[in-house]
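Observations on the three-dimensional arrangement
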Amino acid sequence: MAEAAKPAFGSRYLDDPSRVYEHNAWDSVQWDGEQEQLALERVSQNSATPLPPSDSQRYEDEAGHYWDGFYQQHQNRFFKDRHWLFTEFPELKGPPSEQPDTTDDDTRFNIFEIGCGAGNTVFPILQTNRSPRLFVYCCDFADSAVQIVKDHPLYEPARCHAFQCDVSSSDPFPFPEASIDLAILIFVLSAIQPGKMQAVVERVVSCLKPGGMLLFRDYGRYDMAQLRFKKGQCLSDNFYVRGDGTRVYFFTEEEVSSLLSGAGLTREQLWVDWRLQVNRGKQLKMYRVWIQAKFRKPGS
């Protein structure tokens, strides 16, 4: 299958650097050699002395505690609803129109979001996709996050089921294998210990129907967030712990391709999203790097 063309999140391109502070963001901003060298130097500095294995294991063992603390503190105020989802992933708008609108299990269009947080993906989907065939499963490592979703006024048990789950373990899913049409991994895999990532992807893939699709978006190598880490926060190569105890990994395009292809998926789209965000009031430039992908499970 031919690779799909990269969708445009926006169409604002910085052709004249003198206009950089005219807007809040610019699309497809490529780095020059000087920026790349500076990024390499900063990562080399902040990862020069990784934390000892005992600390790394502690953050692994207590990961649930730290994510629970995060959502208990921030509730649903930290992340904004992801209304850009439907530009980047139009598949989420609904099932094919030629399918009958019924609620039978055999014709239901099932979406499964791993790492739902406070519902910033789930609720835009439920609001936008009104098909009676739609059903959304969503899970999170943190009990507090799942409770925030269930307490939300837009939560509809007839259309959505939120549950606590550690996807890196053998925690059961409330649906059979090969029953999901779309699986969503958005800024989630990066929070998992790198040695467990392949097994997590394979477990998610086992949920997909033949022909089902995995939608992926996460932090890219040398994103602004990686460059801002200080010494003493690096756990291993490109894997860091934040001040609140939560962790984050920064991917390359090749790593994402290897993880998803290694789980038996076929690539339909994979690209690096280079974005320049601007704080016009403070005259600050912030270079963001994200990896986005769509991979499909073979079959019809």
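To start, this report covers the structure provided alongside it. Owing to the predicted nature of the structure, the values given are computational and were not obtained by experimental measurement.

Before going further, it helps to spend a moment on the pattern of salt bridges. Pairing is possible between side chains that carry opposite charge, provided their charged atoms lie close to one another. A full pass over the atoms with the stated rule returns 11 salt bridges. A salt bridge links Lys 209 to Asp 181; the nearest nitrogen and oxygen atoms lie 3.1 Å apart. One end of the pair, Lys 209, is in strand β6 (residues 208–219); the other, Asp 181, is in strand β5 (residues 180–186), with 28 residues separating them in the sequence. Taking the shortest distance from any N to any O, the salt bridge between Arg 288 and Asp 223 comes out at 2.8 Å. Note that Arg 288 is positioned in strand β11 (residues 284–296) and Asp 223 in the loop between β6 and α8 (224–227), a separation of 65 residues in sequence. With a relative accessible area of 0%, Asp 223 lands in the buried category. Counted as one network, the salt bridges with shared partners bring together Glu 60, Lys 196 and Arg 247.

Attention now goes to unusual backbone geometry. Here Tyr 222, not a glycine, exhibits a phi torsion of approximately 75°, which is positive. When its relative accessible area of 25% is taken as the criterion, Tyr 222 is described as partly exposed. For Asn 238, which is not glycine, the phi dihedral falls at a positive 65°. Within the element layout of this structure, Asn 238 appears in the loop between β7 (234–236) and β8 (239–241).

β6 sits mainly inside the fold: 10 of its 12 residues count as buried. Bridge count between β5 and β6: six bridges; the pairing is parallel. Its bridge partner lying in β6, Ala 183 is registered against Leu 214. In the classification by handedness, the crossover that spans β5, the intervening helix α7 (residues 197–207) and the parallel β6 is right-handed.

If you trace the three strands from one edge of the open sheet to the other, you get β7-β8-β9, paired in antiparallel fashion. Here the strands that pair on one side only, and so sit at the sheet edges, are β7 and β9 (247–249). Here the average twist between neighbouring strands, direction ignored, is 30°. The pairing of β8 with β9 spans three bridges and is classified as antiparallel. Residue pairing for β9: Phe 239 is matched across the bridge by Tyr 249.

It is worth spelling out the side chain of Arg 133 at this point. By the element assignment, Arg 133 lies in the loop between α5 (122–128) and β3 (134–140). Owing to a relative accessible area of 6%, Arg 133 belongs among the buried residues under this scheme. Only 2.5 Å separates the side chain of Arg 133 from the backbone oxygen of Thr 107, close enough to count as a polar contact.

As a packed pair, helix α3 (residues 63–74) and helix α6 (residues 143–151) sit with axes 7 Å apart at the nearest point and diverge in direction by 35°. Within the contact between the two elements, α3 uses Trp 67, Asp 68, Tyr 71 and Gln 72 and α6 uses Asp 143, Ser 144, Ala 145 and Ile 148. Residue classes in the contact of α3 with α6 are distributed as four nonpolar, two polar and two charged.

Between the first and last C-alpha of α3 there are 17 Å, a value that for 12 residues agrees with the 16 Å anticipated at 1.5 Å per step. The set of residues buried in α3 consists of Ala 63, Gly 64, Tyr 66, Trp 67, Asp 68, Phe 70, Tyr 71 and His 74. Against α2 (53–61), β3, α6 and β9 lie the buried residues of α3.

Our focus in this paragraph is the packing of aromatic side chains. On inspection of all chains with the given rule, the structure shows 19 aromatic pairs. Directly above the aromatic system of Phe 135 lies the positively charged group of Arg 108, at a separation of 4.3 Å from the ring centroid. Arg 203 extends its terminal NZ or CZ atom over the ring of Phe 173, reaching a point 4.0 Å from the ring centre.

Rules of the game
Residues numbered from 1 in each chain as written. Predicted model: local features only at pLDDT ≥ 70, side-chain atom pairs only at ≥ 80, totals over all residues. Heavy atoms only, no water. Salt bridge = Lys/Arg side-chain N within 4 Å of Asp/Glu carboxyl O. Helix = DSSP H or I, 4+ residues; strand = E, 2+ residues; numbered from the N terminus. Buried < 20%, exposed > 50% of the residue type's maximum accessible area, 1.4 Å probe, protein only. Pairing = 2+ DSSP bridges. Right-handed = clockwise from strand over helix to strand, strands pointing away. Axes fitted to C-alpha atoms, helices over the stretch in contact; angles between N-to-C directions. Polar contact = N/O pair within 3.5 Å; in protein donor to acceptor, adjacent residues only side chain to side chain. Contact = heavy atoms within 4.5 Å. Nonpolar A, V, L, I, M, F, W, Y, C, P; charged D, E, K, R; others polar. Expected span 1.5 Å × (residues − 1). Phe/Tyr/Trp six-rings, centres within 6.5 Å; stacked < 30°, edge-to-face > 60°. Lys NZ or Arg CZ within 6 Å of the ring centre and 35° of its normal.

Worth remembering: the numbers are spatial, not functional.
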